[in-house]
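An overview of the molecular structure
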Amino acid sequence: MRNEPVMQFYFDFISPYAYLAWAALRKRGERVTSTPVLFAALLNHHGQLGPAEIPAKRRWLAKDTTRQARKLGVPLGHPASHPFNPLTALRVSLPEVAGDAQAEVIAALFEHGWVEGGELGDDAAIVGALDRRGLDGAALVAKTKEPAVKEALMKNTAAAIAAGVFGVPTFVVDDEIFWGSDRLEDALAHQRGELVVHDHEVADALAIRPSAQRRR
């Protein structure tokens, strides 16, 4: 019997697809290691714009996420502002801050922003969302100001980049990357030892040399 590896779930509250991935994982009761990372830092490292920064993609994304939420059977609202500064939300969801309550903290914030339409870029709003969940919001948010906590989020993000992560949500199983909420089933299949693609199977594709380069 194969000992299935634990899935790593990289997320940022700024992404509606991260919310959809979280909702899907929750519905299925999957066991994962949840790792908050700063999406903006991933974009900067790889020289990309965020979806909300491209007007045509922003319009498409609004409809696509609505469709995906409907297919998944979960509610979808929209945060009071977007894009927003997610640093406090990410830091408060670190295990270094949330401890054993990490899952509850993540649930409180995803639901506050992407179900109830609350603000996710404001400390007071985050405190309120955590308090309503029966957590000590003020104490948790106060911890996010500690240098060690700020460093922990930076280390998470740097480690994700080193592992090849370029977007959120990302699922990692056995060092294999699955990007996007619509790739959860593939990640779970890989976790079961199915749909495994080996490096030698794509070596020829990766060895193809470009004959043109897009001007940047």
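Conventions adopted
Residues numbered from 1 in each chain as written. Predicted model: local features only at pLDDT ≥ 70, side-chain atom pairs only at ≥ 80, totals over all residues. Heavy atoms only, no water. Helix = DSSP H or I, 4+ residues; strand = E, 2+ residues; numbered from the N terminus. Rg over C-alpha atoms; globule rule 2.2 N^0.38 Å. Buried < 20%, exposed > 50% of the residue type's maximum accessible area, 1.4 Å probe, protein only. Contact = heavy atoms within 4.5 Å. Lys, Arg positive; Asp, Glu negative; His and termini not counted. Charge placed at Lys NZ, Arg CZ, Asp CG, Glu CD. Salt bridge = Lys/Arg side-chain N within 4 Å of Asp/Glu carboxyl O. Polar contact = N/O pair within 3.5 Å; in protein donor to acceptor, adjacent residues only side chain to side chain. Pairing = 2+ DSSP bridges. Axes fitted to C-alpha atoms, helices over the stretch in contact; angles between N-to-C directions. Core = buried A, V, L, I, M, F, W, Y, C linked by side-chain atoms within 4.5 Å.

Check the secondary structure of the protein and you find 11 helices and four strands. Relative to a compact globule of 216 residues, whose C-alpha radius of gyration would be 17 Å, the protein shows 18 Å and is just as compact. Within the protein, buried positions represent 42% of all 216 residues. Taking the contacts inside the protein whose residues are at least 6 apart along the sequence as the reference set, 70% of them involve residues at least 24 apart. Across the protein, the 25 positively charged side chains and the 27 negatively charged ones have centroids separated by 8 Å.

Turning to the pattern of salt bridges, a few remarks are in order. Using the criterion set out here, one finds eight salt bridges in the structure. As a salt-bridge pair, glutamate 104 and arginine 133 come within 3.0 Å of each other at their nearest N and O atoms. Placement of glutamate 104 in helix 6 (residues 102-114) and of arginine 133 in the loop between helix 7 (123-132) and helix 8 (137-143) is noted, with a sequence separation of 29 residues between them. We classify glutamate 104 as partly exposed; its relative accessible area is 34%. Beyond isolated ion pairs, a larger network of salt bridges with shared partners links Arg28, Glu30 and Glu185.

Our next topic: the side chain of asparagine 156. On the secondary structure map, asparagine 156 appears in helix 9 (residues 147-162). A polar contact is formed between the side chain of asparagine 156 and the backbone oxygen of proline 36, at a distance of 3.2 Å. Residues within four places of asparagine 156 in sequence aside, it is in contact with Thr35, Pro36, Val37 and Leu94.

Summarising the element assignment, leucine 25 is placed in helix 1 (residues 16-28). The spatial distance from the C-alpha of leucine 25 to the C-alpha of serine 181 is 9.6 Å, given a sequence separation of 156 residues. Not counting residues up to four positions away in its chain, the partners in contact with leucine 25 are Met7, Phe9, Glu30, Val32, Phe171 and Leu184.

Now for the sheet that holds strand 4 (residues 176-179). Strands sit in the order 2-1-3-4 across an open sheet of four strands; the sheet is mixed. Two strands bound the open sheet, and with one partner strand each, they are strand 2 (32-36) and strand 4. If you compare each strand with its neighbour and ignore which way they point, the axes differ by 25° on average. Where strand 3 (residues 170-173) and strand 4 come together, four bridges link them in antiparallel fashion. Each residue of the ladder has a partner; that of threonine 170, found in strand 4, is tryptophan 179. Each of strand 1 (7-11), strand 2 and strand 3 touches helix 1; the most contacted strand, strand 1, lies at about 145° to it. Of the strands in this sheet, strand 1, strand 3 and strand 4 touch helix 10 (residues 184-191), which is tilted by about 10° from strand 3.

The biggest cluster of nonpolar side chains holds 57 residues, and the ones touching the most others in it are Phe13, Val92, Leu109, Phe110, Leu130 and Phe171. The leading source of residues in this core is helix 1, at nine residues. Residues contacting leucine 130, with those up to four places away along its chain left out, are Val92, Val105, Ala108, Leu109, Leu135, Gly137, Leu140 and Val141.

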